[in-house]
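As a plain string of letters, each chain reads:
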Amino acid sequence: MKNKLLLFSLVLFLILLTFSCSDNSTNTPADLKNGAAGTWLVTRTLVTPSTDFPAGYQDQQQWTITVNGESALLTTKDGSINGTWRSSQSFPSLHWVFEVTGTDPRFGTQIKIVVEVISTSPFKGTNETYYYDPYSGSYLISDGFSITGTRIK
């Protein structure tokens, strides 16, 4: 059962990666690093079905990103997440990675939220939530969104 769950999580992650990796951006690394600062109207599209919403579910949120050198702060109505300018396993080029771990207030389980902004012209990236699985000793994907956005200010 554990192997099936891991395989299912891997397939969902690969689907998310496929949807978010097509690159038609016009960013240079400097454009992305400095251009992320501002307030964005972000549309999140669910690419992995979850228990709460079907694949394709969309919502909009206002995000504010403040950049300070190699670090940044992403602020939403739900709180703030610190970010760093780095590459990741999903995206090998330098980009903004915002990550926080905590306890899911609904279930009391350990979760990790990861937001990766890979372009600001146009604004796009991923927003994923993982839960900690004590049986495998690792985080497994709970839901994954592709994100697009337009600058508000």
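Just so it is clear, the structure is predicted and the values come from calculations on it, not from any experiment. Counting starts from 1 at the beginning of each chain's written sequence and moves along it residue by residue. Given that the model is predicted, a residue must reach a pLDDT of at least 70 before its local features are reported, and side-chain atom pairs must reach 80 or more before they are shown or counted; all residues, however, enter totals for whole chains, interfaces and linings. Note: side-chain values were computed over all heavy atoms of the structure, leaving out hydrogens and water.

### What to know about the pattern of salt bridges
1) Next: We define a salt bridge as a contact between a side-chain nitrogen of Lys or Arg and a carboxyl oxygen of Asp or Glu at a distance within 4 Å. In total, this model carries five salt bridges according to the counting rule given.
2) Next: Of the charged contacts, one joins Asp78 and Lys77 as a salt bridge, the two residues approaching to 3.2 Å between their closest N and O atoms.
3) Next: Linking Arg86 and Glu99 is a salt bridge whose minimum nitrogen-to-oxygen distance equals 3.4 Å. Taken together, the residues span a long stretch of sequence, with Arg86 in strand β4 (residues 79-86) and Glu99 in strand β5 (residues 95-103) at a distance of 13 residues. Under the scheme used here, helices are H or I runs from DSSP no shorter than 4 residues and strands are E runs no shorter than 2 residues, and both carry numbers assigned from the N terminus.

### What about the environment of Lys33?
1) Next: Along the chain, the position of Lys33 falls in helix α2 (residues 29-35).
2) Next: For the pair formed by Lys33 and Gly69, sequence separation is 36 residues and the distance between their alpha carbons is 8.5 Å.
3) Next: The contact criterion used throughout is that any non-hydrogen atoms of two residues lie within 4.5 Å. Leaving out residues up to four positions away in the same chain, Lys33 has contacts with Val67, Gly69, Glu70, Trp85 and Trp96.
4) Next: In protein, a polar contact means a hydrogen-donor-capable atom and an acceptor-capable atom, both N or O and within 3.5 Å, with residues adjacent in sequence counting only if both atoms are side-chain atoms; elsewhere, any N or O pair within 3.5 Å suffices. A distance of 2.3 Å separates polar atoms of two side chains, one belonging to Lys33 and the other to Glu70.

### Quick look at the packing of aromatic side chains
1) Next: Centres within 6.5 Å are what make two rings of Phe, Tyr or Trp a pair, Trp counting through its six-membered ring; a difference in plane orientation under 30 degrees is then read as stacked, over 60 as edge-to-face, and the rest as tilted. Within this structure, the stated rule accounts for five aromatic pairs.
2) Next: Ring centres 4.5 Å apart and planes at 35° place the aromatic pair Trp40 and Phe123 in the tilted group. Here Trp40, found in strand β1 (residues 38-46), pairs with Phe123, found in strand β7 (residues 123-133); they are 83 residues apart in sequence, far enough to count as distant.
3) Next: You can call Trp40 buried: its relative accessible area is 2%.
4) Next: Considering the side-chain rings of Phe53 and Tyr57, the 4.0 Å spacing of their centres and the 20° angle between planes classify their relative orientation as stacked.
5) Next: An aromatic cluster is defined as three or more aromatic residues linked by ring pairs; in this entry it consists of Trp85, Trp96 and Phe98.
6) Next: For Arg44, the ring lying beneath its charged end belongs to Phe145, and the centroid distance is 3.8 Å.
7) Next: Charge over a ring is defined by NZ of Lys or CZ of Arg lying within 6 Å of the ring centre and within 35 degrees of the ring normal. Looking at Lys112, its charged tip hangs above the ring of Tyr130, at a distance of 5.5 Å from the centre. Partly exposed describes any residue whose relative accessible area lies between the buried limit of under 20% and the exposed limit of over 50%, with all areas from a 1.4 Å probe on protein chains only and scaled to the type maximum.

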